[in-house]
Amino acid sequence: MKIMTIANTSINELVEVQNEQVVVSSRKIAEVFKKRHSEVIRAVESHMKDLAATDAKVRWFYETTYQDAKGEARKEYIMNRDGFSLLVMSFNNTRDVLEWKLKYIEAFNTMEKQLREQTKPKTQLDILVESAKALQEQERRLARTELDIEDIKKQQQIQSSRIDTFNCVCTEGTKRQKLVSMIQAYAAKKGLTYREGWHRFKAAYNTAFHTSIGNSISYYVKENGLKKKPSVPEFLEKKGLLDDAMRIADKLLNGEIAAVGA
């Protein structure tokens with residue numbers, strides 16, 4: 001019998017969601033608590049007999065079948081938190097058993113919380129936030145389309161190899177490193193400080209994509225509970241926006257667009 005280890009066991013390995021309810025199978029309990037499945041079934045059926053006069057028998061335990069290695073149908077029980085709690089109360093509390101009981105309580109709590117959050121009605125604020133995100137994404141797609149059309153007309157579609165045409169721009173490394181080199185080259189070309197170069201890049205990017213990098217970073221930090229803000233290139237990399245960013249930096253270097261404050 002395969003025995004699971006406690007330390008790295010995920011929630012999804014212990015419980016599952018069926019019909020909008022968090023449940024566990026008798027087979028999984030047998031596996032985790034090192035018992036024969038037939039023994040677990042007998043314990044379940046004994047409890048069901050005790051509960052015969054109540055509706056808890058129906059609500060807590062559900063009989064179903066599974067196919068064994070030979071393809072034959074075998075009986076098993078699916079149970080919710082209450083059924084599980086009743087069943088394992090009778091298990092002797094060795095150290096491992098107690099740890100598994102606590103692990104299951106955590107699993108039920110976590111999965112039920114996720115289920116409640118998925119099914120709870122959306123507030124007006126939730127709807128407004130989702131609408132704002134959808135609008136921002138739509139504007140971003142429109143901006144990309146406009147840039148694509150412009151590139152086609154000029155027959156200057158930007159590729160990664162295009163970076164080689166700029167003096168002082170690093171042609172090695174990651175896209176993030178190339179973007180940093182492009183901003184450095186732009187700042188040097190315009191006689192700006194490195195910080196001023198980034199300021200003009202952000203202004204150009206915000207105009208092109210109808211967004212605000214600063215606000216987007218602040219929301220990202222809050223949404224992910226970060227203690228430290230990522231830098232602009234770090235944020236663009238995490239959001240998969242480096243190609244868009246390099247396109248804007250390229251146009252700044254070529255003088256195809258004018259940054260605010262230039």
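Not measured: the values here are computed from a predicted model.

> Just to check I follow, could you spell out the packing of aromatic side chains for this structure?
Ring pairs (aromatic) are described by centroid distance and by the angle formed between their planes. Applying the stated criterion across every chain yields a total of ten aromatic pairs. Between F84 and Y104, the aromatic rings sit 4.7 Å apart at their centres with planes inclined by 35 degrees, giving tilted as the arrangement. Linking F84 in helix α5 (residues 81-88) with Y104 in helix α6 (residues 95-119), this pair joins segments that are 20 residues apart in sequence. Using a relative accessible area of 0% as the deciding quantity, one classes Y104 as buried. Each ring, one from Y205 and one from F209, has its centre 4.8 Å from the other, and the planes form 50 degrees; the classification is tilted. Pair noted here: Y205 and F209 are both in helix α9 (residues 194-209), with a separation of four residues, about one helical turn. Using a relative accessible area of 0% as the deciding quantity, one classes F209 as buried. By the ring-pair criterion, three or more aromatic residues cluster together here, those being F33, F84, F91, Y104 and F108. Lying over the aromatic face of Y66, R27 brings its terminal NZ or CZ to 3.8 Å of the ring centre. One Lys or Arg, K35, reaches over the ring of F91 and ends 4.5 Å from the middle of that ring.

> What is the right way to read the pattern of salt bridges from this model?
A full pass over the atoms with the stated rule returns eleven salt bridges. Note that R176 is salt-bridged to E234, the shortest N-O span being 4.0 Å. Of the two residues, R176 is situated in helix α8 (residues 175-190) and E234 in helix α11 (residues 232-238); the sequence distance between them amounts to 58 residues. Take R176: its relative accessible area is 28%, and that puts it in the partly exposed class. When salt bridges with common partners are traced through the structure, they connect D68, E72 and R74 into a single cluster.

> Explain the pairing of strand β2 (residues 21-25) here, please?
Both faces of the sheet carry side chains from a regular strand, because those side chains alternate between them. With four of five residues buried, β2 is to be regarded as a mostly interior element. Two elements, strand β1 (residues 16-18) and β2, share three bridges in a ladder whose sense is antiparallel. For V17, the partnering residue across the bridge sits in β2 and is V22. As consecutive antiparallel partners, β1 and β2 are separated by two residues, and within that stretch N19 has a phi angle of approximately 55 degrees, a positive value. In this structure, β2 lies alongside strand β4 (residues 73-79), joined through two bridges in antiparallel fashion. Directly across from S25, in β4, lies its bridge partner I78.

> Is there a simple way to think about the confidence of the model for the chain in this case?
Detailed reading of predicted coordinates is not advised where the pLDDT is low. Predicted confidence across the chain gives a mean pLDDT of 79, with 79% of residues reaching 70 or more. Of all secondary-structure elements in the chain, the lowest mean pLDDT belongs to helix α1 (residues 11-14), at 68, while β4 reaches the highest, 92. Confidence drops under a pLDDT of 50 for residues 156-168, and excluding neighbours within four residues, the segment shows 23 contacts in the predicted structure.

> Just to check I follow, could you spell out the side chain of E76 for this structure?
Relative to the elements of secondary structure, E76 occurs in strand β4. Overall, E76 belongs to the buried group, its relative accessible area being 7%. Of the polar contacts made by the side chain of E76, one reaches the side chain of R27; its length is 3.1 Å.

> Hey, could you run me through the sheet that holds β4 in this one?
If you trace the four strands from one edge of the open sheet to the other, you get β1-β2-β4-β3, paired in antiparallel fashion. Edge positions in the open sheet fall to β1 and β3 (61-67), since each of these has one partner strand only. Across the sheet, the axes of successive neighbouring strands diverge by a mean angle of 45 degrees, strand direction being ignored. Lying on the sheet, helix α3 (residues 37-50) is in contact with β3 and β4; it crosses β4 at an angle near 55 degrees.

> Help me understand the environment of S181 in this model?
Residue position: S181 is located in helix α8. Measuring from C-alpha to C-alpha, the distance between S181 and A249 comes to 9.9 Å, with 68 residues separating the pair along the chain.

Cut-offs and rules
- Residues numbered from 1 in each chain as written.
- Predicted model: local features only at pLDDT ≥ 70, side-chain atom pairs only at ≥ 80, totals over all residues.
- Heavy atoms only, no water.
- Phe/Tyr/Trp six-rings, centres within 6.5 Å; stacked < 30°, edge-to-face > 60°.
- Helix = DSSP H or I, 4+ residues; strand = E, 2+ residues; numbered from the N terminus.
- Buried < 20%, exposed > 50% of the residue type's maximum accessible area, 1.4 Å probe, protein only.
- Lys NZ or Arg CZ within 6 Å of the ring centre and 35° of its normal.
- Salt bridge = Lys/Arg side-chain N within 4 Å of Asp/Glu carboxyl O.
- Pairing = 2+ DSSP bridges.
- pLDDT = per-residue confidence, 0-100.
- Contact = heavy atoms within 4.5 Å.
- Polar contact = N/O pair within 3.5 Å; in protein donor to acceptor, adjacent residues only side chain to side chain.
- Axes fitted to C-alpha atoms, helices over the stretch in contact; angles between N-to-C directions.

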